[in-house]
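# Structure assessment
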Amino acid sequence: MRILVIEDDVNLNRQLSDALKEAGYVVDQAFDGEEGHYLGETEPYDAVILDIGLPMMDGISVVEKWRTEGKGMPVLMLTARDRWSDKVAGIDAGADDYVAKPFHVEEVLARVRALIRRAAGHSSSEIVCGPVRLDTKASKATVDGVPLKLTSHEFRLLSYLMHHMGQVVSRTELVEHMYDQDFDRDSNTIEVFVGRLRKKLGVDLIETVRGLGYRMQAPSEAAK
Ligand code: CA
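My aim in this report is to walk through the structure given alongside it, one point at a time. Just so we're clear, the structure is a prediction, and the values are computed from it rather than from any experiment.

In this section: the pairing of strand β4 (residues 75-80). Burial of β4 is extensive: 5 of the 6 residues sit out of reach of the surface. Where strand β3 (residues 47-51) meets β4, 4 bridges bridge the pair, whose relative direction is parallel. Across the sheet, Asp51 pairs through a bridge with Leu78, a residue of β4. Crossover connection from β3 via helix α3 (residues 59-68) to parallel β4: handedness right-handed. Both β4 and strand β5 (residues 97-101) contribute to a ladder of 5 bridges, which runs parallel. When the bridges of β5 are listed, Ala80 appears paired with Lys101. Handedness of the β4-helix α4 (residues 84-93)-β5 crossover: right-handed.

Structural data, given as structure tokens:
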């Protein structure tokens, strides 16, 4: 899962980005509204954290522009505590949720998790695929109750496939959601990661759809 953090306060931006990376996300950072808007317009994000007060273009204009352009990714706004009018304006402009400053990073993480889950159609914090359980809160996965030891790339891959269970996900899409913008991307590595993940899962839940990509689904679903 890939997140964009748009916040001009350098320390706050770094604090949020570090916490998100720690939780297993890939993070791109922007420090003004124009740069942030451009990244959101050109790169695919699973969620965006957007400050309202930004140089070059304010946060409300950024989200408004994206929505006009048909960009539907979940957006969490950062607002000032006592500015209720900002919250209303943000939601009206197309933001999905907000957190008032000062906030606890844990609250931001929880709201981001919920936004990503809901965007993928999951209401519970745990996503289940046959014997595999993904705990989005703890960033951990188990098979038949046994914890899986996954590298950060393997976890991101599993998380993305499980959030999009039953759908065919292309290699390009996986690359775009597993690496940040500065990474030298190579979609061939995805095949390697899928191979390793299959081995670690020990069950055949990831199907290769020739020429299209991969699809993860529970055995009972696959048999239908
Ligand atoms: Ca600001």
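Moving on to unusual backbone geometry. A cis amide bond links Lys101 with the next residue in sequence, Pro102, at an omega value of -5 degrees. Take Pro102: it is sitting in the loop between β5 and α5 (105-119). Backbone geometry at Met56 places phi at a positive 75 degrees, although glycine is not the residue there. As for its position among the elements, Met56 is in the loop between β3 and α3. A relative accessible area of 60% places Met56 in the exposed class. Phi is positive for Ser139, which is not a glycine, with a value near 55 degrees.

At the metal site, the calcium ion is ligated by Asp8 (OD), Asp51 (OD) and Gly53 (O), and these contacts range over 2.1 to 2.4 Å. Linear spacing of the donor residues for the calcium ion on their chain is D-x42-D-x1-G. In this pair, Asp8 is assigned in the loop between β1 (2-6) and α1 (10-22) and Asp51 in strand β3, connecting sequence segments 43 residues apart. Judged by relative accessible area, which is 4%, Asp51 ranks as buried.

Next up on the list: the side chain of His122. Turning to its location among the elements, His122 is positioned in the loop between α5 and β6 (126-129). In terms of polar contacts, His122 uses its side chain to reach the backbone carbonyl oxygen of His163, at 3.1 Å. Once you skip the residues sitting within four places of it in the chain, His122 turns out to touch Arg117, Ile127, Met162, His163 and Met165.

With 4 of 5 residues buried, strand β2 (residues 26-30) is to be regarded as a mostly interior element. Both β1 and β2 contribute to a ladder of 5 bridges, which runs parallel. Within the sheet, the bridge partner assigned to Ile3 lies in β2 and is Val27. Since β1 and β2 lie parallel, the crossover through α1 that links them has a hand, and here it is right-handed.

Once that is clear, we can look at the packing of helix α6 (residues 152-163) against helix α7 (residues 171-178). Look at α6 against α7: their axes get within 10 Å of each other, and the N-to-C directions meet at 120 degrees. By the criterion of interaxial angle, the relationship of α6 to α7 is oblique. Considering only the axes of α6 and α7, their crossing is right-handed. Contact residues: α6 offers His153, Arg156, Leu157, Tyr160 and Leu161, while α7 offers Glu173, Leu174, His177 and Met178. Each residue belonging to the contact of α6 with α7 can be placed in one class, and the counts come to 5 nonpolar, 2 polar and 2 charged.

Let's shift gears to empty space enclosed by the protein. For the structure shown, the criterion picks out 1 cavity of 30 Å³ or more. In this model, the largest cavity occupies a volume close to 130 Å³. Along its surface, the largest cavity is lined by 13 residues, and Tyr25, Thr136, Phe155, Ser159 and His163 are the ones closest to its centre. Looking at the lining of the largest cavity, the elements that each hand over two or more residues are α5 and α6. Along the lines of polarity and charge, the residues of the lining of the largest cavity split into 6 nonpolar, 5 polar and 2 charged. Residue contributions to the lining of the largest cavity reach at least three from each of two domains, namely domain 1 (2-119) and domain 2 (126-222).

The rules behind the values
Residues numbered from 1 in each chain as written. Predicted model: local features only at pLDDT ≥ 70, side-chain atom pairs only at ≥ 80, totals over all residues. Heavy atoms only, no water. Buried < 20%, exposed > 50% of the residue type's maximum accessible area, 1.4 Å probe, protein only. Helix = DSSP H or I, 4+ residues; strand = E, 2+ residues; numbered from the N terminus. Pairing = 2+ DSSP bridges. Right-handed = clockwise from strand over helix to strand, strands pointing away. Donors = N, O, S within 2.8 Å, 3.2 Å for Na, K, Ca; no water. Polar contact = N/O pair within 3.5 Å; in protein donor to acceptor, adjacent residues only side chain to side chain. Contact = heavy atoms within 4.5 Å. Axes fitted to C-alpha atoms, helices over the stretch in contact; angles between N-to-C directions. Parallel < 35°, antiparallel > 145°, perpendicular 65-115°, else oblique. Left-handed = near helix turned anticlockwise from the far one by under 90°. Nonpolar A, V, L, I, M, F, W, Y, C, P; charged D, E, K, R; others polar. 1 Å grid on protein atoms, 1.4 Å probe; cavity = no way out; pocket = protein on both sides within 12 Å on 5 of 7 lines; lining within 4 Å. Points joined across faces, edges and corners; volume = space filled by probe spheres on them. Domains from an automatic or database assignment.

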